[in-house]
Amino acid sequence: MISTDYQKFLKKRSDFQNDPAGAYFVATGRQVPKDDVERVTKLHRKYNNHLD
């Protein structure tokens, strides 16, 4: 089990929401092509529209 608190969770989720292409790079080590970064961000926001 990973030890965390809600503030750390919110920060990580906010970072992921603001830069999904960067999170993809950190997780996989593969860079999103520059012409696809906007598309990835748009799709991420479309499918992850949750309320806090």
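Every value quoted in this text rests on a predicted model; they were computed, and no experiment measured them. (Residues numbered from 1 in each chain as written. Predicted model: local features only at pLDDT ≥ 70, side-chain atom pairs only at ≥ 80, totals over all residues. Heavy atoms only, no water.)

## Focus on the pattern of salt bridges
Stated precisely, the cut-off is as follows: What counts as a salt bridge is simple: a side-chain nitrogen of Lys or Arg found within 4 Å of a carboxyl oxygen of Asp or Glu. Comment: elements are numbered from the N terminus, with helices defined as DSSP H or I runs of at least four residues and strands as E runs of at least two. Per-residue accessibility, obtained with a 1.4 Å probe over protein chains only, is compared with the maximum for each type, and a residue is labelled buried under 20%, exposed over 50%, and partly exposed between these values.
Applying the stated criterion across every chain yields a total of two salt bridges. Ionic pairing is found between Lys11 and Asp15, a salt bridge with its closest N-O pair at 3.1 Å. Within this pair, Lys11 and its partner Asp15 are both found in helix H1 (residues 6–18), separated by four residues, close to a single helical turn. Lys11 sits in the exposed class, given a relative accessible area of 54%. Judged by its relative accessible area of 37%, Asp15 is partly exposed. Residue Arg39 pairs with Asp36 through a salt bridge whose shortest N-O separation is 3.9 Å.

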